[in-house]
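# Architecture at a glance
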Amino acid sequence: KIIDAAIAIGQGQYHQTIDINSSKEFLKLSACINDMATKIRENIEKITEQKQELEAVLEGMQEGVMLLDKDGRIKATNQALTWIAKCSPTCVGHLPMEVFLNPEVQQACDDILKNGKAHLRIRVVMHPDTVYEVNLVRIPEGGAVVVFHDISELVRLEQARQDFVANVSHELRTPLTSIKGYAETLMDEKFRASSQADAFIHTIVKNANNMSNIVNDLLELTKLQQRQKEPDQLSPVNGTACFISAWETCMPMCRDKNIRMINRLPDITLVIAQENSLIQVFRNLLDNAIRYSPENTTITVFCEPADNTIVFGIQDEGPGIALRHQQRIFERFYRVDKERSRASGGTGLGLAICRHAVQGMGGKIWVQSPPEGTTSGSVFFFTLEKADRNIKL
Ligand SMILES: Nc1ncnc2c1ncn2[C@@H]1O[C@H](COP(=O)(O)OP(=O)(O)OP(=O)(O)O)[C@@H](O)[C@H]1O
Ligand SMILES: [Mg+2]
């Protein structure tokens with residue numbers, strides 16, 4: 001009986017117990033074997049549980065993990081890794097190069113296995129736009145663990161931050177250089193008495209105003225971005241009244257260029273919005289339409305209902321915007337023709353402010369150029385939720 005039980009335990013049947021009623025010695029021996037079988041069973045259950053936990057953690061990870069054996073072949077991978085490498089779990093047994101088709105990854109794997117270092121970190125770009133931080137750790141018993149962490153978003157944010165700082169510095173430097181130059185010239189007493197002095201002072205004031213506009217716009221943008229995180233109390237607002245308010249501000253510019261304004265909005269367009277933000281959106285869009293349109297043209301403002309929203313449109317007969325610029329003009333400081341926009345006093349923040357304001361009110365903004373049924377000009381659309389769903393426009 002004891003021999004049979006020992007054989008069964010040896011074959012993995014740990015539930016096997018020996019039931020013996022004989023002499024004391026055999027009784028003791030069978031109790032020992034029973035005890036041993038129980039301990040082995042408990043240990044195996046514990047190890048199995050730990051293995052399952054580890055597997056669950058590995059599978060739940062967003063990072064791709066692969067285990068290399070001492071020869072540098074893939075021993076195991078988690079699900080995320082098969083997505084990153086775009087391979088099937090059958091990549092086991094292959095070299096990293098065969099799976100990732102990336103020499104940098106292969107080189108790093110070779111280095112960690114052959115060189116003395118216990119830890120290695122590299123940055124690789126895969127599938128055109130995805131950047132991974134790859135951490136390699138050598139296992140003392142042989143082989144290595146390789147972890148792929150997607151840092152594309154971090155890299156993009158860092159790039160955006162650098163671009164932003166570069167743009168702001170550049171935008172402020174231009175008027176500042178001019179102010180400095182003119183002010184230095186005016187330090188000369190003889191020059192101050194000359195007839196040109198007045199013109200110089202005017203340029204200084206103009207550039208100082210320009211800088212102040214940039215700073216104000218940037219502060220406005222920051223405010224809007226913060227508001228987006230904690231949505232402001234939006235309320236029913238008459239969009240038409242907001243448009244009229246913006247239009248009154250822009251009227252003098254229109255008059256100077258003899259631009260005709262056609263208002264096709266009904267008297268009341270009740271939308272869910274924040275009044276000042278909506279006035280600002282209309283003002284920026286009108287300002288652009290007037291600024292970039294030639295003299296003696298027409299700007300039309302209209303709206304259309306669409307499901308639960310109202311789509312507002314501001315259409316001009318200006319130069320239009322080429323398709324390749326249409327997405328980008330909503331970025332901070334992006335201008336189609338830098339020199340011309342700057343000469344006309346633009347900072348390239350107007351549409352970025354519009355986008356943040358509209359998104360903050362739960363809407364969308366886009367441009368169509370040329371507008372449907374025409375060959376020139378642009379129409380800027382933005383949506384806002386209807387305050388009264390039963391409203392008929
Ligand atoms: N209606 C339009 N017609 C043609 N181009 C336009 C129009 N609106 C905007 N653009 C282009 O988009 C760019 C970005 O516009 P945006 O309003 O953000 O900046 P801006 O007008 O240059 O400066 P500001 O910050 O003073 O508004 C403009 O420089 C211009 O090139
Ligand atoms: Mg503008």
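Residues numbered from 1 in each chain as written. Chains lettered and ligands numbered in written order. Predicted model: local features only at pLDDT ≥ 70, side-chain atom pairs only at ≥ 80, totals over all residues. Heavy atoms only, no water.

### Observations concerning the packing of aromatic side chains
Throughout the structure, instances matching the rule amount to 12 aromatic pairs. With a centroid separation of 6.2 Å and 35° between ring planes, the pair formed by Phe164 and Phe333 is classed as tilted. Note that Phe164 is positioned in helix 6 (residues 152–186) and Phe333 in the loop between helix 11 (323–326) and helix 12 (338–343), a separation of 169 residues in sequence. Exposure remark for Phe164: the relative accessible area of 25% places this residue in the partly exposed category. (Phe/Tyr/Trp six-rings, centres within 6.5 Å; stacked < 30°, edge-to-face > 60°. Helix = DSSP H or I, 4+ residues; strand = E, 2+ residues; numbered from the N terminus. Buried < 20%, exposed > 50% of the residue type's maximum accessible area, 1.4 Å probe, protein only.)

### Quick word on unusual backbone geometry
The omega angle of the peptide bond from Ser369 to Pro370 is -5°, so this bond is cis rather than trans. With respect to the helices and strands, the residue Pro370 is situated in the loop between strand 11 (365–368) and strand 12 (379–385). Although it is not a glycine, Asn296 adopts a positive phi angle of roughly 55°. Relative to the helices and strands, Asn296 resides in the loop between helix 10 (275–291) and strand 9 (298–306).

### Describing helix 2 (residues 24–60)
Across its 37 residues, helix 2 extends 54 Å between first and last C-alpha, which sits within 8% of the 54 Å expected from 1.5 Å per residue. Among the residues making up helix 2, those that are buried are Ser30, Ile33, Asn34 and Ala37. Those residues of helix 2 hidden inside the fold are in contact with helix 1 (2–10). (Expected span 1.5 Å × (residues − 1). Contact = heavy atoms within 4.5 Å.)

### Brief notes about the nonpolar core
Among the nonpolar cores identified, the biggest contains 49 residues, and Leu278, Phe282, Leu285, Leu286, Phe312, Ile314 and Phe382 are the most heavily contacted of them. Per-element accounting of this core gives the leading share, 8 residues, to helix 10. Split by domain, the residues of this core number at least three in each of domain 3 (153–230) and domain 4 (231–393). If we skip the residues at most four places from it in the chain, Phe282 touches Gly239, Cys242, Phe243, Ala246, Val301, Phe312, Ile314 and Phe382. Ranked by size, the runner-up nonpolar core spans 23 residues in total, among them Leu68, Ala108, Leu136 and Ala144. (Core = buried A, V, L, I, M, F, W, Y, C linked by side-chain atoms within 4.5 Å. Domains from an automatic or database assignment.)

### Overview of helix 13 (residues 350–360)
Every buried residue of helix 13 is accounted for by Leu351, Ala352, Ile353, Cys354, His356, Ala357 and Val358. After helix 13 finishes, the residue Gly362 shows a positive phi value of roughly 85°.

### Some words on the pairing of strand 10 (residues 309–315)
Counting buried positions over the 7 residues of strand 10 gives 5, a clear majority of the element. Here 7 bridges tie strand 9 to strand 10, and the two strands are oriented antiparallel to one another. Bridge pairing links Ala306 to Thr309 in strand 10. From the end of strand 9 to the start of strand 10, which pair antiparallel, there are 2 residues, and Asp307 there has a positive phi angle of about 50°. One ladder, built from 7 bridges, connects strand 10 with strand 12; its direction is antiparallel. Within strand 12, the residue paired with Val311 across the bridge is Thr383. (Pairing = 2+ DSSP bridges.)

### Some thoughts on the domain arrangement of the protein chain
Domain boundaries in the protein chain define domain 1 (2–58), domain 2 (61–150), domain 3 (153–230) and domain 4 (231–393). One C-alpha centre belongs to domain 2, the other to domain 4; they are set 50 Å apart.

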